[in-house]
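An overview of the molecular structure
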Amino acid sequence: MAGKPLLRVVNVKKRFGDKIVLDGVSFTLNKGETKVIIGPSGTGKSTLLKSVNRLVVPDEGEIWLEDKEIIRCKNINAVRQKIGYVFQDFGLFHHLTALENVMIGLTKVKKMPKKEAMEKARYELNRVGLTGIEDLYPAQLSGGQKQRVAIARALAMEPKLMLFDEPTSALDPELIGEVLAVMKELAESKMTMLVVTHEMGFARSVSDEIIFIEKGKIVEQAPPEKMFREPEHQRTREFLFKLK
Ligand code: ADP
Ligand code: MG
(Lines give C-alpha, C1' and ligand atoms only; values in the text may rest on other atoms or scores of the structure.)
(Ligands and ions follow the chains in the order given, each with its own letter.)
Protein backbone atom coordinates (compact mmCIF):
# COMPACT_ATOMS: atom_id res chain seq x y z
CA MET A 1 0.00 0.00 0.00
CA ALA A 2 1.36 3.36 -1.07
CA GLY A 3 -0.09 5.38 1.78
CA LYS A 4 -3.24 6.09 3.67
CA PRO A 5 -5.98 8.24 2.17
CA LEU A 6 -5.75 11.72 3.60
CA LEU A 7 -8.71 12.92 1.56
CA ARG A 8 -11.69 10.89 0.42
CA VAL A 9 -14.28 12.46 -1.84
CA VAL A 10 -17.34 10.26 -2.15
CA ASN A 11 -20.07 10.79 -4.72
CA VAL A 12 -20.17 14.56 -4.34
CA LYS A 13 -23.00 16.36 -6.11
CA LYS A 14 -23.66 20.06 -6.39
CA ARG A 15 -26.09 22.10 -8.41
CA PHE A 16 -26.44 25.83 -8.80
CA GLY A 17 -30.08 26.49 -9.68
CA ASP A 18 -30.94 23.81 -12.19
CA LYS A 19 -27.37 23.43 -13.42
CA ILE A 20 -25.62 20.30 -12.21
CA VAL A 21 -22.03 21.34 -11.55
CA LEU A 22 -20.68 18.28 -9.75
CA ASP A 23 -22.32 15.05 -10.74
CA GLY A 24 -21.13 12.29 -8.45
CA VAL A 25 -17.41 12.93 -8.05
CA SER A 26 -15.37 10.34 -6.15
CA PHE A 27 -11.62 10.00 -5.65
CA THR A 28 -9.04 9.62 -2.94
CA LEU A 29 -5.78 11.35 -2.26
CA ASN A 30 -3.17 9.51 -0.23
CA LYS A 31 -0.77 11.16 2.17
CA GLY A 32 2.18 12.59 0.27
CA GLU A 33 0.49 12.38 -3.12
CA THR A 34 -0.03 15.12 -5.68
CA LYS A 35 -3.01 14.87 -7.98
CA VAL A 36 -3.65 17.29 -10.78
CA ILE A 37 -7.17 18.08 -11.98
CA ILE A 38 -7.55 19.11 -15.60
CA GLY A 39 -10.59 19.86 -17.71
CA PRO A 40 -12.37 22.53 -19.74
CA SER A 41 -13.45 25.72 -18.00
CA GLY A 42 -16.86 25.84 -16.38
CA THR A 43 -16.68 22.15 -15.66
CA GLY A 44 -16.73 22.21 -11.85
CA LYS A 45 -13.03 22.15 -10.95
CA SER A 46 -13.12 25.21 -8.69
CA THR A 47 -16.43 24.12 -7.20
CA LEU A 48 -14.80 20.80 -6.32
CA LEU A 49 -11.81 22.44 -4.62
CA LYS A 50 -14.06 24.88 -2.76
CA SER A 51 -16.17 21.96 -1.57
CA VAL A 52 -13.11 20.48 0.10
CA ASN A 53 -12.85 23.42 2.50
CA ARG A 54 -16.59 24.04 2.40
CA LEU A 55 -16.53 27.41 0.73
CA VAL A 56 -19.15 25.60 -1.31
CA VAL A 57 -21.51 23.18 0.40
CA PRO A 58 -22.27 20.13 -1.74
CA ASP A 59 -25.85 18.86 -1.93
CA GLU A 60 -24.89 15.22 -1.63
CA GLY A 61 -21.95 13.02 -0.86
CA GLU A 62 -19.18 12.96 1.71
CA ILE A 63 -15.73 14.50 1.93
CA TRP A 64 -13.40 13.00 4.50
CA LEU A 65 -10.16 14.57 5.68
CA GLU A 66 -8.76 11.63 7.61
CA ASP A 67 -11.50 10.88 10.16
CA LYS A 68 -13.39 14.19 9.82
CA GLU A 69 -16.33 14.52 7.46
CA ILE A 70 -16.24 18.05 6.09
CA ILE A 71 -19.69 18.69 4.61
CA ARG A 72 -21.55 18.11 7.85
CA CYS A 73 -18.90 18.78 10.48
CA LYS A 74 -19.68 21.26 13.26
CA ASN A 75 -16.32 22.95 13.52
CA ILE A 76 -15.35 23.83 9.97
CA ASN A 77 -12.72 26.34 11.13
CA ALA A 78 -10.68 23.59 12.75
CA VAL A 79 -10.76 21.65 9.48
CA ARG A 80 -9.91 24.71 7.39
CA GLN A 81 -6.78 25.26 9.45
CA LYS A 82 -5.51 21.96 8.12
CA ILE A 83 -6.11 22.90 4.50
CA GLY A 84 -4.07 25.46 2.60
CA TYR A 85 -5.86 27.09 -0.30
CA VAL A 86 -4.02 28.98 -3.01
CA PHE A 87 -5.90 30.47 -5.92
CA GLN A 88 -5.43 32.57 -9.00
CA ASP A 89 -5.81 36.02 -7.45
CA PHE A 90 -3.43 35.50 -4.51
CA GLY A 91 -5.81 36.98 -1.92
CA LEU A 92 -3.11 38.94 -0.10
CA PHE A 93 -3.97 41.78 2.26
CA HIS A 94 -2.88 44.93 0.46
CA HIS A 95 -2.32 47.00 3.59
CA LEU A 96 0.04 44.40 5.07
CA THR A 97 3.66 43.71 4.14
CA ALA A 98 4.75 40.35 2.77
CA LEU A 99 5.94 39.32 6.21
CA GLU A 100 2.73 40.48 7.89
CA ASN A 101 0.67 38.61 5.31
CA VAL A 102 2.41 35.39 6.30
CA MET A 103 2.23 36.19 10.02
CA ILE A 104 -1.42 37.07 10.26
CA GLY A 105 -2.86 33.57 10.40
CA LEU A 106 -0.28 32.62 12.99
CA THR A 107 -1.02 35.51 15.33
CA LYS A 108 -4.78 35.81 14.76
CA VAL A 109 -5.82 32.19 14.29
CA LYS A 110 -3.10 30.22 16.03
CA LYS A 111 -2.51 32.89 18.70
CA MET A 112 1.23 32.56 18.26
CA PRO A 113 3.34 35.24 20.00
CA LYS A 114 4.41 37.93 17.57
CA LYS A 115 8.14 37.24 17.74
CA GLU A 116 7.68 33.54 17.10
CA ALA A 117 5.25 34.26 14.25
CA MET A 118 7.78 36.60 12.71
CA GLU A 119 10.48 33.96 12.77
CA LYS A 120 8.18 31.38 11.32
CA ALA A 121 7.04 33.78 8.60
CA ARG A 122 10.65 34.54 7.64
CA TYR A 123 11.36 30.84 7.47
CA GLU A 124 8.37 30.21 5.20
CA LEU A 125 9.23 33.11 2.91
CA ASN A 126 12.74 31.75 2.65
CA ARG A 127 11.33 28.33 1.81
CA VAL A 128 9.56 29.74 -1.25
CA GLY A 129 12.72 31.56 -2.31
CA LEU A 130 11.75 35.00 -1.05
CA THR A 131 14.27 36.88 1.02
CA GLY A 132 14.74 40.60 1.21
CA ILE A 133 11.13 41.40 0.33
CA GLU A 134 9.69 40.94 3.84
CA ASP A 135 8.83 44.62 4.26
CA LEU A 136 7.40 45.21 0.81
CA TYR A 137 3.68 45.54 0.19
CA PRO A 138 1.88 43.37 -2.37
CA ALA A 139 1.70 46.28 -4.84
CA GLN A 140 5.51 46.35 -4.84
CA LEU A 141 5.84 42.67 -5.69
CA SER A 142 5.68 40.86 -9.02
CA GLY A 143 2.82 38.42 -9.61
CA GLY A 144 5.15 35.49 -9.10
CA GLN A 145 6.36 36.92 -5.80
CA LYS A 146 2.80 37.60 -4.67
CA GLN A 147 1.79 34.04 -5.38
CA ARG A 148 4.82 32.74 -3.50
CA VAL A 149 3.87 34.91 -0.52
CA ALA A 150 0.40 33.36 -0.71
CA ILE A 151 1.96 29.89 -0.72
CA ALA A 152 4.22 30.80 2.23
CA ARG A 153 1.19 32.09 4.11
CA ALA A 154 -0.63 28.80 3.55
CA LEU A 155 2.42 26.74 4.52
CA ALA A 156 2.93 28.71 7.73
CA MET A 157 -0.28 27.18 9.06
CA GLU A 158 1.28 23.71 8.62
CA PRO A 159 -1.58 22.30 6.58
CA LYS A 160 -2.05 18.61 5.95
CA LEU A 161 -3.39 19.30 2.51
CA MET A 162 -2.71 22.02 -0.05
CA LEU A 163 -5.30 23.00 -2.64
CA PHE A 164 -4.13 24.98 -5.65
CA ASP A 165 -6.72 26.43 -8.02
CA GLU A 166 -5.01 27.59 -11.20
CA PRO A 167 -2.21 29.23 -9.21
CA THR A 168 -0.35 30.46 -12.29
CA SER A 169 -3.27 31.54 -14.49
CA ALA A 170 -3.00 35.22 -13.60
CA LEU A 171 0.77 35.37 -14.11
CA ASP A 172 2.82 36.66 -17.00
CA PRO A 173 4.40 33.70 -18.79
CA GLU A 174 7.91 34.50 -17.54
CA LEU A 175 6.76 34.33 -13.91
CA ILE A 176 4.96 31.00 -14.10
CA GLY A 177 8.11 28.94 -13.73
CA GLU A 178 9.11 30.31 -10.35
CA VAL A 179 5.74 29.40 -8.85
CA LEU A 180 5.70 25.94 -10.43
CA ALA A 181 9.22 25.34 -9.11
CA VAL A 182 8.06 26.03 -5.57
CA MET A 183 5.10 23.69 -6.03
CA LYS A 184 7.37 21.00 -7.44
CA GLU A 185 9.63 21.22 -4.40
CA LEU A 186 6.62 20.99 -2.14
CA ALA A 187 5.42 17.88 -3.92
CA GLU A 188 8.89 16.37 -3.64
CA SER A 189 8.89 17.10 0.07
CA LYS A 190 5.75 14.92 0.21
CA MET A 191 3.19 17.57 0.89
CA THR A 192 -0.25 16.24 -0.07
CA MET A 193 -1.55 18.38 -2.91
CA LEU A 194 -4.58 18.75 -5.14
CA VAL A 195 -3.82 21.06 -8.05
CA VAL A 196 -6.11 22.46 -10.73
CA THR A 197 -3.91 23.63 -13.58
CA HIS A 198 -3.53 23.90 -17.32
CA GLU A 199 0.24 23.53 -17.03
CA MET A 200 0.65 20.15 -18.64
CA GLY A 201 4.42 20.06 -18.15
CA PHE A 202 3.86 20.35 -14.42
CA ALA A 203 1.07 17.76 -14.50
CA ARG A 204 3.24 15.37 -16.42
CA SER A 205 6.39 15.68 -14.34
CA VAL A 206 5.04 16.27 -10.84
CA SER A 207 1.69 14.55 -10.38
CA ASP A 208 1.14 11.00 -9.20
CA GLU A 209 -2.19 10.98 -10.97
CA ILE A 210 -4.19 13.18 -13.25
CA ILE A 211 -7.94 13.52 -13.01
CA PHE A 212 -9.74 14.66 -16.14
CA ILE A 213 -13.08 16.18 -15.27
CA GLU A 214 -15.75 17.34 -17.65
CA LYS A 215 -19.28 18.57 -17.00
CA GLY A 216 -19.00 17.71 -13.33
CA LYS A 217 -17.91 14.12 -13.88
CA ILE A 218 -14.55 12.41 -13.69
CA VAL A 219 -14.04 11.04 -17.20
CA GLU A 220 -10.68 9.48 -16.57
CA GLN A 221 -8.11 9.19 -13.84
CA ALA A 222 -4.63 7.84 -14.50
CA PRO A 223 -0.93 8.30 -13.84
CA PRO A 224 0.54 10.94 -16.15
CA GLU A 225 2.43 8.47 -18.37
CA LYS A 226 -0.80 6.68 -19.13
CA MET A 227 -2.94 9.80 -19.42
CA PHE A 228 -0.62 11.37 -21.97
CA ARG A 229 0.45 8.27 -23.87
CA GLU A 230 -2.66 6.17 -24.05
CA PRO A 231 -5.76 7.89 -22.65
CA GLU A 232 -8.69 5.53 -22.60
CA HIS A 233 -11.43 7.93 -23.51
CA GLN A 234 -11.98 9.81 -26.71
CA ARG A 235 -12.92 12.95 -24.74
CA THR A 236 -9.59 12.90 -22.89
CA ARG A 237 -7.73 12.55 -26.18
CA GLU A 238 -9.62 15.48 -27.68
CA PHE A 239 -8.98 17.66 -24.65
CA LEU A 240 -5.27 16.89 -24.49
CA PHE A 241 -4.92 17.28 -28.23
CA LYS A 242 -6.49 20.74 -28.17
CA LEU A 243 -3.98 21.90 -25.58
CA LYS A 244 -1.00 21.05 -27.70
P1 ADP B 1 -14.20 25.55 -13.47
O2 ADP B 1 -13.40 25.87 -12.26
O3 ADP B 1 -14.02 24.16 -13.96
O4 ADP B 1 -13.98 26.54 -14.57
P5 ADP B 1 -16.45 26.23 -11.77
O6 ADP B 1 -16.46 25.22 -10.71
O7 ADP B 1 -15.91 27.57 -11.45
O8 ADP B 1 -15.74 25.64 -13.09
O9 ADP B 1 -17.92 26.45 -12.30
C10 ADP B 1 -18.71 25.42 -12.80
C11 ADP B 1 -20.06 25.96 -13.18
O12 ADP B 1 -20.76 26.38 -12.02
C13 ADP B 1 -20.02 27.16 -14.10
O14 ADP B 1 -21.06 27.05 -15.02
C15 ADP B 1 -20.24 28.32 -13.18
O16 ADP B 1 -20.83 29.39 -13.85
C17 ADP B 1 -21.16 27.72 -12.13
N18 ADP B 1 -21.01 28.33 -10.82
C19 ADP B 1 -19.89 28.32 -10.08
N20 ADP B 1 -20.08 28.95 -8.91
C21 ADP B 1 -21.35 29.37 -8.89
C22 ADP B 1 -22.17 30.10 -7.96
N23 ADP B 1 -21.70 30.48 -6.78
N24 ADP B 1 -23.45 30.34 -8.33
C25 ADP B 1 -23.95 29.94 -9.51
N26 ADP B 1 -23.24 29.27 -10.44
C27 ADP B 1 -21.96 28.98 -10.15
MG1 MG C 1 -11.99 27.34 -11.95
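Residues numbered from 1 in each chain as written. Chains lettered and ligands numbered in written order. Predicted model: local features only at pLDDT ≥ 70, side-chain atom pairs only at ≥ 80, totals over all residues. Heavy atoms only, no water.

**Description of the nonpolar core**
With 51 residues, the main nonpolar core has Ile-38, Val-149, Ile-151, Met-162, Phe-164, Met-183 and Met-193 as its most contacted residues. Counting residues per element, this core draws most heavily on helix 6 (residues 173-188), which supplies eight residues. Residues in contact with Met-162, not counting those within four places in the same chain, are Gly-84, Val-86, Ile-151, Ala-154, Leu-155, Met-191, Thr-192, Met-193 and Leu-194. (Core = buried A, V, L, I, M, F, W, Y, C linked by side-chain atoms within 4.5 Å. Buried < 20%, exposed > 50% of the residue type's maximum accessible area, 1.4 Å probe, protein only. Helix = DSSP H or I, 4+ residues; strand = E, 2+ residues; numbered from the N terminus. Contact = heavy atoms within 4.5 Å.)

**Digging into the sheet that holds strand 3 (residues 34-38)**
In spatial order, the strands read 6-7-8-3-9-10; together these six strands make up an open sheet with mixed pairing. Edge positions in the sheet fall to strand 6 (83-87) and strand 10 (217-222), since each of these pairs with one other strand and no more. The average angle at which neighbouring strand axes cross in this sheet is 15°, direction not considered. Pairing geometry for strand 3 and strand 8 (residues 192-196), over four bridges, is parallel. Residue pairing for strand 8: Lys-35 is matched across the bridge by Leu-194. Sitting on the sheet, helix 5 (residues 143-156) touches strand 6 and strand 7 (161-165), and the angle it makes with strand 6 is about 170°. Contacts from helix 9 (residues 234-243) reach strand 3, strand 9 (209-214) and strand 10, with the element oriented near 100° to strand 9. (Pairing = 2+ DSSP bridges. Axes fitted to C-alpha atoms, helices over the stretch in contact; angles between N-to-C directions.)

**Notes on the pattern of salt bridges**
What the rule picks out here adds up to 17 salt bridges. As a salt-bridge pair, Lys-31 and Glu-66 come within 3.2 Å of each other at their nearest N and O atoms. Taken as a pair, Lys-31 in the loop between strand 2 (19-30) and strand 3 and Glu-66 in the loop between strand 4 (60-65) and strand 5 (68-69) lie far apart in primary sequence, 35 residues in all. Between Glu-158 and Lys-120 there is a salt bridge; the shortest N-O distance is 2.7 Å. Of this pair, Glu-158 sits in the loop between helix 5 and strand 7 while Lys-120 sits in helix 4 (residues 114-127), placing them 38 residues apart in sequence. (Salt bridge = Lys/Arg side-chain N within 4 Å of Asp/Glu carboxyl O.)

No statement about biological role is implied by the geometric values presented.
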